[in-house]
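Single-letter residue listing:
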Amino acid sequence: MGLLDISNVTKSYGAVEVLHSVDISVDEGEFLVLVGPSGCGKSTLLSMIAGLEGITSGEISIKGRTMNGVHPSKRNIAMVFQSYALYPNMTVGQNITFGLEMHGTPKPEREDAMNRVAEMLQIDNLLSRKPGQLSGGQRQRVAMGRALVRDPDVFLFDEPLSNLDAKLRVDMRTEIKKLHQSLGTTIVYVTHDQIEAMTLSTRIAVMNKGYVQQLGTPKEIYDTPSNVFVATFMGSPAMNVFPSRIVVKDGAPHAAVTGHDGVEQLLRFPQANLAAWDGREILLGIRPETITDPEGADRNAAHIASLRNHIGVTEPAGSDTFVTMTLGGRDAIARMRADVTVRAGEIFDFAVNMDKAVAFDPKTEERIQP
Amino acid sequence: MSGAVDTGVAIRTNRVTRTFIYLFLLLFALFYLLPLAVMLINSVKPLSEITGGNMMALPNVWTFEPWREAWSSAQIGVQPTGLRPYFINSILIVVPAVAISTIMGALNGYVLTKWRFRGDTILFGMLLFSCFIPFQIVLIPMARVLGMIGLAGSVPGLILVHVVYGLGFTTLYFRNYYSAFPTELVRAAQIDGAGFFRIFYRILLPLSGPIIVVTIIWQFTNIWNDFLFGSSFAGQASQPMTVALNNLVQSSTGVKAYNVHFAGAILAALPTLIVYIVSGRFFVRGLMAGSVKG
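Residues numbered from 1 in each chain as written. Chains lettered and ligands numbered in written order. Predicted model: local features only at pLDDT ≥ 70, side-chain atom pairs only at ≥ 80, totals over all residues. Heavy atoms only, no water.

Participant: Before we go on, may I ask you to explain the overall build of chain A in this structure?
Facilitator: A count of helical and extended segments in chain A gives eight helices and 21 strands. Dimensions of chain A along its principal axes, counting C-alpha atoms only, are 75 × 45 × 35 Å. Scored against the burial criterion, the 370 residues of chain A give a buried share of 54%. About 15,900 Å² of surface is accessible on chain A, with carbon and sulfur atoms providing 48% of the total. Each charge class in chain A can be summarised by its mean position, and for the 37 positive and 44 negative side chains these summaries are 4 Å apart. (Helix = DSSP H or I, 4+ residues; strand = E, 2+ residues; numbered from the N terminus. Buried < 20%, exposed > 50% of the residue type's maximum accessible area, 1.4 Å probe, protein only. Areas by Shrake-Rupley, 256 points an atom, 1.4 Å probe, with all protein chains shown as cover. Lys, Arg positive; Asp, Glu negative; His and termini not counted. Charge placed at Lys NZ, Arg CZ, Asp CG, Glu CD.)

Participant: What am I meant to see in the interface of chain A and chain B here?
Facilitator: Contact residues are listed per partner, giving 27 residues for chain A and 15 residues for chain B. Carbon and sulfur atoms supply 59% of the area that chain A and chain B bury against each other, a total of about 1,800 Å² over both sides. Between A:Glu101 and B:Arg202 there is a salt bridge, with the nearest N and O atoms lying 2.8 Å from each other. Between the two partners, chain A and chain B, sit eight residue pairs in polar contact (both at pLDDT 80 or more). At four residues, the largest contribution of residues to the side of chain A that touches chain B is made by helix H2 (residues 92–102) of chain A. For the side of chain A that touches chain B, the per-class residue count stands at 15 nonpolar, eight polar and four charged. (Contact = heavy atoms within 4.5 Å. Buried area = accessible area lost by both parts, 1.4 Å probe. Salt bridge = Lys/Arg side-chain N within 4 Å of Asp/Glu carboxyl O. Polar contact = N/O pair within 3.5 Å; in protein donor to acceptor, adjacent residues only side chain to side chain. Nonpolar A, V, L, I, M, F, W, Y, C, P; charged D, E, K, R; others polar.)

Participant: Help me out: how do you make sense of the pattern of salt bridges in this one?
Facilitator: Between side chains of opposite charge, pairing is possible as soon as their charged atoms come close. Tallying each qualifying case throughout the model produces 18 salt bridges over all chains. Two residues, A:Arg141 and A:Glu175, come together in a salt bridge whose shortest N-O distance is 2.6 Å. Here A:Arg141, found in helix H4 (residues 136–148), pairs with A:Glu175, found in helix H5 (residues 166–183); they are 34 residues apart in sequence, far enough to count as distant. Ionic contacts of the salt-bridge type, sharing partners, join the residues A:Lys11, A:Glu53 and B:Arg187 into one network.

Participant: Can you help me understand the domain arrangement of chain A in this one?
Facilitator: The accessible area lost on association of the parts is a frequent measure of interface size. All names here are of chain A. According to the domain assignment, chain A contains domain 1 (4–233) and domain 2 (240–360). Relative to domain 2, the C-alpha centre of domain 1 lies at a distance of 39 Å. Across the contact, nine residues belong to domain 1 and seven residues belong to domain 2. Roughly 660 Å² is buried in total at the junction of domain 1 and domain 2, and carbon and sulfur atoms are behind 57% of that figure. Counting the surface domain 1 buries against domain 2, the share from its top three residues, Tyr 222, Val 228 and Ala 231, is 61%. (Domains from an automatic or database assignment.)

Participant: Please clarify how the packing of aromatic side chains should be interpreted in this entry.
Facilitator: Centre distance and the angle of the planes are the two values used to describe a pair of aromatic rings. All told, the structure shown has 27 aromatic pairs over all chains when counted by the stated rule. Summarising the aromatic geometry, the rings of B:Phe31 and B:Tyr32 are spaced 5.8 Å apart at their centres and angled 80 degrees between planes, so their arrangement reads as edge-to-face. Taken as a pair, B:Phe31 and B:Tyr32 share a single burial class, namely exposed. On the numbers, 6.5 Å between centres and 45 degrees between planes, the contact of B:Phe169 with B:Tyr173 is tilted. Here B:Tyr173 and B:Phe169 lie together in helix H7 (residues 155–179), a separation of four residues that amounts to about one turn. Owing to a relative accessible area of 23%, B:Phe169 belongs among the partly exposed residues under this scheme. Given a relative accessible area of 12%, B:Tyr173 falls into the buried group. Its end group placed over the ring of A:Tyr87, A:Arg146 keeps NZ or CZ at 4.8 Å from the ring centre. For the cation-ring pair, A:Arg287 lies above A:Tyr222, with the distance from its terminal atom to the ring centre recorded as 3.8 Å. (Phe/Tyr/Trp six-rings, centres within 6.5 Å; stacked < 30°, edge-to-face > 60°. Lys NZ or Arg CZ within 6 Å of the ring centre and 35° of its normal.)

Participant: Mind showing me how you'd approach the UniProt feature "domain: ABC transporter" (unreviewed entry) in chain A here?
Facilitator: The positions UniProt marks with the feature "domain: ABC transporter" (unreviewed entry) are residues 4–234 of chain A. Taken end to end, residues 4–234 of chain A comprises 37% helix and 26% strand; its first and last C-alpha atoms sit 25 Å apart. (UniProt positions renumbered as here; feature names shortened; annotations may be inferred.)

Participant: Which parts of the structure should I look at to understand the sheet that holds strand S11 (residues 240–249) of chain A?
Facilitator: Sheets are built from strands that pair by backbone hydrogen bonding, the pairs being arranged parallel or antiparallel. Residues and elements named next belong to chain A. Taken in spatial order, the five strands line up as S13-S12-S11-S14-S21 in an open sheet, and their pairing is antiparallel. What marks the edges here is a single partner per strand, and that holds for strand S13 (264–268) and strand S21 (358–360). The mean angle between the axes of side-by-side strands here comes to 45 degrees, regardless of whether they run parallel or antiparallel. Pairing between S11 and strand S14 (residues 281–286): six bridges, direction antiparallel. Note on S14: the bridge partner recorded for Pro 243 is Leu 283. (Pairing = 2+ DSSP bridges. Axes fitted to C-alpha atoms, helices over the stretch in contact; angles between N-to-C directions.)

Participant: Explain the sheet that holds strand S20 (residues 347–353) of chain A here, please?
Facilitator: All names here are of chain A. Read from one edge of the open sheet, three strands run S15-S20-S16, paired in antiparallel fashion. A single partner strand is all that each edge strand has here, and the edge strands are strand S15 (291–292) and strand S16 (304–310). In terms of strand pairing, S16 meets S20 through seven bridges, oriented antiparallel. The residue bridging Arg 308 from the neighbouring strand is Asp 349, located in S20.

Participant: What exactly am I supposed to notice about the domain arrangement of chain B here?
Facilitator: Residue and element names in this part refer to chain B. When cut into domains, chain B gives domain 1 (2–72) and domain 2 (84–292). Contact residues are listed per partner, giving 15 residues for domain 1 and 14 residues for domain 2. Roughly 1,400 Å² is buried in total at the junction of domain 1 and domain 2, and carbon and sulfur atoms are behind 84% of that figure. Applying the counting rule to domain 1 against domain 2 returns zero salt bridges. For the side of domain 1 that touches domain 2, the elements supplying multiple residues, two or more each, are helix H1 (2–43), helix H2 (47–51) and helix H3 (65–72). Among the elements that make up the side of domain 1 that touches domain 2, the one with the highest residue count is H3 (six residues). Looking at the side of domain 1 that touches domain 2, its residues break down into ten nonpolar, three polar and two charged.

Structure (structure tokens):
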């Protein structure tokens, strides 16, 4: 039993089921990020936790108390909206204390709470302004202040950073993380940005088409994606996934990979149970940063395989150099050191860290578990 | 270099066009002001000067007697009461009717955009329909209804009629205005613990200034100027200004006192004129606000 329990929850609009039996349990102090492409049901799920949308079947409970049919204001939650949803006719101070006022908190207490939160978010000099006079970052802070002042059990964030410019977004991201660390609050956060998901969360639920595809820590999601969707959705650039074949040689499974010239090269695959797939097709998933030049390879890796391939395009990005090549008939990207000497059109010996490679069943697109 | 020459030409052309524009506007302004001027001039003349000659000439003898007469002693119907009691009737009808229809329109708009329910668009469509019904069609059914509920020939009866037939427009105005209003605000307020009415008067109403002005002007003008319902449903004691003005002008006994008629007509038009002058600029602004989105 966690602080927030979502058990077997579905949501239908008429005959169309948009969320299929979602099961998530969030412990106190956790930062859960719901991530997925638009239309995956993440915002619907958040609205259901908030009580703004009804629950078709299943149960949502907070602190062991079932929330089905409970009014949003009685769930002891607070929500930060994408548009911030600040009341334009009220000052910042009134915005922050409106919820307390509605809950009948006496005025002196409201003022104390407001000052405490304003100081924490450094908006104490803005309290008498109207939201229309604030910048995007300031509005964002006020919206967070309005949530914080209530001291709720669960904070809900609905894509709170997507209206900010790129630089401010990174700053606010750090700030949200700091806030979470210092206050130890429980947060459910919706975003379509996988970097936000990776950096902020203690756990991620990757969603697609109304299903939770995988629920786990950022590292689990990144290193051991449970299917092709998760593998390609998380990470930038996306994981290279291409057709390959398992060949058992010297008693160990190898992935047969075709390069630019259509010739198969065998890469030793450390996952022993793949021997059972001898001769069968798989989808091989390799992260761009695990394909490097031999000197740049991870020294702690147990299985570095060599791969000779033709360099298609090089894209120096300052911090890294991206190299495009053909693997298994598809475009693949390698992320290499910035100062690596590679030239387009060359034949190059890449080092592939096979410890980090994952194999998927081409029929189900599910990961072949070790 | 050619750029500099062009600029000079552009400015010159601009000046010429502007002169034309202002001349044109002046001409039209004069044209539209002419009837009002004629009414004003003739309402301060003795009757003999009007019947004796020039309608356009300024009065030789200035007198406010026609105004006094129109207001308090002219023969209307059978009583020499002037327009005063009817003016008061009109106020008694217009103020509650405008207030009630505006408040109900705002509530309707709020529900139709922020508390949507199955069939709300159909309901709205039906409300809109009342904007397009020619009022002559509803005279007889309405008379029956007023008779059945015992409000026939009374001020409350006329208020009811005007509220019912004003609702279509007031709902339309508020619905369009509120549909451009972010729903997230309502959701945030719900989470903050505000209920249906609290959200309405703490968040939506304070932001509805322009559309309230538009609705009030629209309703005030329409109801004040209404003649059809007033002449059909009013009793002797509840006739509005427009009906009384008609009775004043149409009375067939004696000499036609044009100066009194002019003064009466201006008195009848005065409240709407004042409303327009005071809040006309909000009218345009509010109409635009509603039409941009939704």
